[in-house]
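Inside the fold
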Amino acid sequence: MPAGALRRATPWLRSPCWVRPASVLDAAARAGMQENPVDGPPRALMERILLRFAGPRPGPGRRRGIRRTLLVMRFGTLDFTPALDSPGLLAPPTAAALQRADAAGASDAASPAPPAGEVLVVAIDPGLADTAAFCAHYEISMEDGANCVIVQARRGERTWYAACLVRGSDRADVNGVVRRHLDARKLSFAPMDDAVALSGMEYGGITPVGLPADWPILVDESVAGHERLIVGSGVRGSKLLVTGAFLAGLPNAEVLRIAQG
């Protein structure tokens, strides 16, 4: 079946949400895909197509992902590609965290954690890194973004830090749920200089991926249950596209309701 027929049979291949290289369509056509409308999630079908023309996935580390170099996903007006292939777009702690997660997944095929290979990245205008400006310019709903808020907790002489992850349309209940959960006497937003110095990331681009190992990460229930969200990459010049399940599976992550209202 020619690639053109495959496009007609599977409208999602030419939808604004999914971008596929021509070689993928041609190879899928050679694999003998039937010229029938396709039901079910596009990701599952794409994985079947790639496996049919590319052969089995190489090694246990790719057990649940498709070949990274063949995947481009459009979200809003942006085309995202695998973050592991573009470490230069990430803050060093973020790149290191994804590489560790990828290596851990390769060595533990039974791990329930979503693979790091599913994390995508795209370069953006650093001047548009703030959530409201970013969403307006790149045509993405505020509900499809997640803000990572760093808070400073105190009790007696002890001071520690935590991250709160809520959707862009929500606000974290810092002085209520979050303070009680952290058992802090006093809780406030972390000073900018402290957040930047301790995380190794840029202000306005801080992400939960790659934060210090002893920082709790409080993930709002609505974030954990979201299919795909935009989060920071550790720098202002790019963004990550991740699943809620990936965020909920980060080290030190806890899922609870922390959004106001």
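Here the structure is shown first, and the text comes after it.
What this report covers is the structure whose coordinates are included nearby. (Residues numbered from 1 in each chain as written. Predicted model: local features only at pLDDT ≥ 70, side-chain atom pairs only at ≥ 80, totals over all residues. Heavy atoms only, no water.)

For the rest of this paragraph, the subject is the packing of aromatic side chains. Counted according to the given criterion, the structure contains 2 aromatic pairs. Between F134 and Y138, the ring centres sit 5.1 Å apart and the planes meet at 50°, which makes this aromatic pair tilted. You can see F134 and its partner Y138 sitting in helix α5 (residues 131–138), 4 residues apart, about one turn around the helix. Across this residue pair, the class does not change: F134 and Y138 are buried. Measuring from centroid to centroid gives 5.5 Å for Y161 and W215, while their planes differ by 25°, and the two rings are stacked. Linking Y161 in strand β6 (residues 158–167) with W215 in the loop between α7 (192–199) and β8 (217–220), this pair joins segments that are 54 residues apart in sequence. Residue W215 is classed as buried on the basis of its relative accessible area, which comes to 5%. The ring of W160 carries the charged tip of R158 above its face, separated from the ring centre by 3.8 Å. Here the basic side chain of K239 rests over the ring of F134, its NZ or CZ set 5.2 Å away from the ring centre. (Phe/Tyr/Trp six-rings, centres within 6.5 Å; stacked < 30°, edge-to-face > 60°. Helix = DSSP H or I, 4+ residues; strand = E, 2+ residues; numbered from the N terminus. Buried < 20%, exposed > 50% of the residue type's maximum accessible area, 1.4 Å probe, protein only. Lys NZ or Arg CZ within 6 Å of the ring centre and 35° of its normal.)

What follows is about the pattern of salt bridges. Summed over all chains, the structure comprises 4 salt bridges. One salt bridge connects D79 with R74, and the closest N-O pair in it is separated by 2.6 Å. On the basis of relative accessible area, D79 is assigned to the partly exposed category, the value being 30%. Using a relative accessible area of 30% as the deciding quantity, one classes R74 as partly exposed. Between R236 and D130 there is a salt bridge, and its shortest N-O distance comes to 3.6 Å. (Salt bridge = Lys/Arg side-chain N within 4 Å of Asp/Glu carboxyl O.)

On to the nonpolar core, then. With 34 residues, the main nonpolar core has L98, I150, L211, L240, F246 and L247 as its most contacted residues. Those elements that provide at least two residues to this core are α4 (92–107), β5 (146–155), β6, β8, β9 (229–232), β10 (238–242) and α9 (244–248). In contact with L247, not counting residues within four places along its chain, are L165, P208, V219, V223, L229, V231, V242 and A253. (Core = buried A, V, L, I, M, F, W, Y, C linked by side-chain atoms within 4.5 Å. Contact = heavy atoms within 4.5 Å.)

Looking now at the sheet that holds β6. Sheet architecture is open: 5 strands sit in the order β7-β5-β6-β8-β11, paired in mixed fashion. The two strands at the open ends of the sheet, each matched to only one other strand, are β7 (186–189) and β11 (253–256). Between one strand axis and the next, the sheet turns through 30° on average, direction left out of account. Here β5 runs beside β6; their pairing, made up of 10 bridges, is antiparallel. In the strand pairing of β6, I150 is matched with A163. Packed onto the sheet, helix α6 (residues 174–182) meets β5, β6, β7, β8 and β11 and runs at close to 120° relative to β7. (Pairing = 2+ DSSP bridges. Axes fitted to C-alpha atoms, helices over the stretch in contact; angles between N-to-C directions.)

Further remarks concern unusual backbone geometry. Glycine aside, a negative phi is what most residues show, and trans is what most peptide bonds show. Of note, E139 is a non-glycine position whose phi angle comes to about 60°, a positive value. Turning to its location among the elements, E139 is positioned in the loop between α5 and β5. Among the residues examined, E139 registers a relative accessible area of 59% and is labelled exposed. The backbone of N252 shows a phi angle near 70°, a positive value even though the residue is not glycine. As for its position among the elements, N252 is in the loop between α9 and β11. Here N252 falls in the partly exposed class, since its relative accessible area comes to 38%.

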